[in-house]
Amino acid sequence: MTCGSAIKLQHVGTGFRVHSHDIKWGSGSQQQSVTAMNSMDDPNSLWVVKGAHGTLCAQGSPVKNGQAVRFTHLKTQRNLHAHHFASPLTQQMEVSGYGNGGVGDHLDDWVVETSGAPEWRRGERVRLRHRDTGGYLHSHAVRFDQSNCGGNCPIMGQQEVTAFQNANDDNNWWQSAEGVYFPIATQQ
């Protein structure tokens, strides 16, 4: 994985991809909603890998185990964000899209934890730990439906994405899927 790449984050357990569009949560932070969808070709599931808030990560730089990064939603330019608001379905920590033009704050930072490799490799399982709260990017088979979302639900059938405090939960594993990957930059 390299900085500048535009990737889809696929949940290992369910195959759904982290998704967002300009629809706000109706509760909690009321920021842009982040869910997961079971679609390989949805352009609203692309996220650009960038350096942590206030740091640069040159295009083509490999992302290392333990490195903090941001994920900026390609279409809306909001960052993958977590905080202590309760998630809408399971009351874990809400994940949202935050910021403008890719500029956000320290709550946009996620630490990459590989399965033991020194760098995040394409297709490899990783966990993404939210640097501020300690929660892990998490999803599960809990979906928005008629019973929990109402009749006019723009995210019907989409899966909840949260930050979850239990580091050892199997639903914390993600992998990079489709995307535009920059090769590792060579030293000049």
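This report concerns the structure included in the present document. (Residues numbered from 1 in each chain as written. Predicted model: local features only at pLDDT ≥ 70, side-chain atom pairs only at ≥ 80, totals over all residues. Heavy atoms only, no water.)

Points about the pairing of strand S7 (residues 93-98)
- The buried count for S7 comes to five of six residues, which makes it a mostly enclosed element.
- Bridge count between strand S3 (residues 32-37) and S7: two bridges; the pairing is antiparallel. Within the sheet, the bridge partner assigned to Ser 33 lies in S7 and is Ser 96.
- In terms of strand pairing, strand S6 (residues 79-86) meets S7 through five bridges, oriented antiparallel. Each bridged residue has a counterpart across the sheet, and for His 81 the counterpart in S7 is Ser 96. (Buried < 20%, exposed > 50% of the residue type's maximum accessible area, 1.4 Å probe, protein only. Helix = DSSP H or I, 4+ residues; strand = E, 2+ residues; numbered from the N terminus. Pairing = 2+ DSSP bridges.)

Let's talk about the layout of surface pockets
- What the largest pocket holds in volume is close to 160 Å³.
- Around the largest pocket, the lining residues are Ile 23, Lys 24, Trp 25, Gly 26, Ser 27, Ser 33, Pro 88, Phe 144, Asn 148, Cys 149, Pro 154 and Ile 155.
- Taken together, the elements giving at least two residues each to the lining of the largest pocket come down to strand S2 (17-24) and helix H1 (146-149).
- By residue class, the composition of the lining of the largest pocket is seven nonpolar, four polar and one charged. (1 Å grid on protein atoms, 1.4 Å probe; cavity = no way out; pocket = protein on both sides within 12 Å on 5 of 7 lines; lining within 4 Å. Points joined across faces, edges and corners; volume = space filled by probe spheres on them. Nonpolar A, V, L, I, M, F, W, Y, C, P; charged D, E, K, R; others polar.)

Let's talk about the environment of His 106
- Note on placement: His 106 falls in the loop between S7 and strand S8 (110-114).
- Sequence separation between His 106 and Ala 82 is 24 residues, and the spatial gap between their C-alpha atoms is 9.9 Å.
- Ignoring any residue separated from it by four or fewer positions in sequence, one finds His 106 in contact with His 53 and Asp 132. (Contact = heavy atoms within 4.5 Å.)

Side note on the packing of aromatic side chains
- Under the criterion given, the structure shown has two aromatic pairs.
- Their ring planes at 35° and their centres at 5.9 Å tell us that Trp 25 and Phe 144 sit as a pair that is tilted. With Trp 25 in the loop between S2 and S3 and Phe 144 in the loop between strand S10 (136-143) and H1, this pair connects stretches of sequence that are 119 residues apart.
- On the basis of relative accessibility, which here comes to 4%, the residue Phe 144 falls in the buried class.
- Ring centres 6.3 Å apart and planes at 75° place the aromatic pair Phe 71 and Trp 120 in the edge-to-face group. One end of the pair, Phe 71, is in strand S5 (residues 68-73); the other, Trp 120, is in the loop between S8 and strand S9 (126-130), with 49 residues separating them in the sequence.
- On the accessibility criterion, Trp 120 (1% relative accessible area) is buried. (Phe/Tyr/Trp six-rings, centres within 6.5 Å; stacked < 30°, edge-to-face > 60°.)

Topic: the pattern of salt bridges
- This structure, assessed with the given rule, holds seven salt bridges.
- Arg 17 is the partner of Glu 178 in a salt bridge, and the nearest nitrogen-oxygen pair spans 2.7 Å. Linking Glu 178 in strand S12 (residues 174-180) with Arg 17 in strand S2, this pair joins segments that are 161 residues apart in sequence.
- Taking the relative accessible area as the measure of exposure, Arg 17 reaches 5% and is therefore buried.
- Between Asp 22 and Lys 24 there is a salt bridge, with its nearest N and O atoms 2.7 Å apart.
- Connected via shared salt-bridge partners are Asp 22, Lys 24 and Arg 78. (Salt bridge = Lys/Arg side-chain N within 4 Å of Asp/Glu carboxyl O.)

Some thoughts on the nonpolar core
- Core analysis: the biggest nonpolar cluster contains 27 residues, and Leu 9, Phe 71, Leu 80, Val 95, Trp 120 and Leu 137 have the highest contact counts within it.
- With sequence-adjacent residues up to four places away left out, Leu 80 is seen in contact with Val 18, Val 34, Trp 47, Phe 71, Val 95, Ser 96, Leu 107, Asp 108, Trp 110 and Leu 137. (Core = buried A, V, L, I, M, F, W, Y, C linked by side-chain atoms within 4.5 Å.)

Considering the state of the cysteines
- Under the counting rule described, the total for this entry stands at one disulfide.
- Put simply, Cys 3 and Cys 57 are joined by a disulfide, and their sulfur atoms are 1.7 Å apart. Here the S-S torsion is close to 75°, and the disulfide linking Cys 3 with Cys 57 is therefore right-handed. Here Cys 3, found in the segment before strand S1 (6-11), pairs with Cys 57, found in the loop between strand S4 (47-51) and S5; they are 54 residues apart in sequence, far enough to count as distant. (Disulfide = S-S within 2.5 Å.)

Quick look at the pairing of S5
- Most of S5 sits out of view: six of its six residues are buried.
- Burial along S5 is two-sided: the face carrying Ala 68, Arg 70 and Thr 72 and the face carrying Val 69, Phe 71 and His 73 are both buried.
- Pairing geometry for S4 and S5, over five bridges, is antiparallel. Along S5, the bridge assignment pairs Gly 51 with Val 69.
- Of the strand pairs in this sheet, S5 and S8 are connected by two bridges, and their pairing is antiparallel. Looking across to S8, one finds that Val 69 is bridged to Trp 110.

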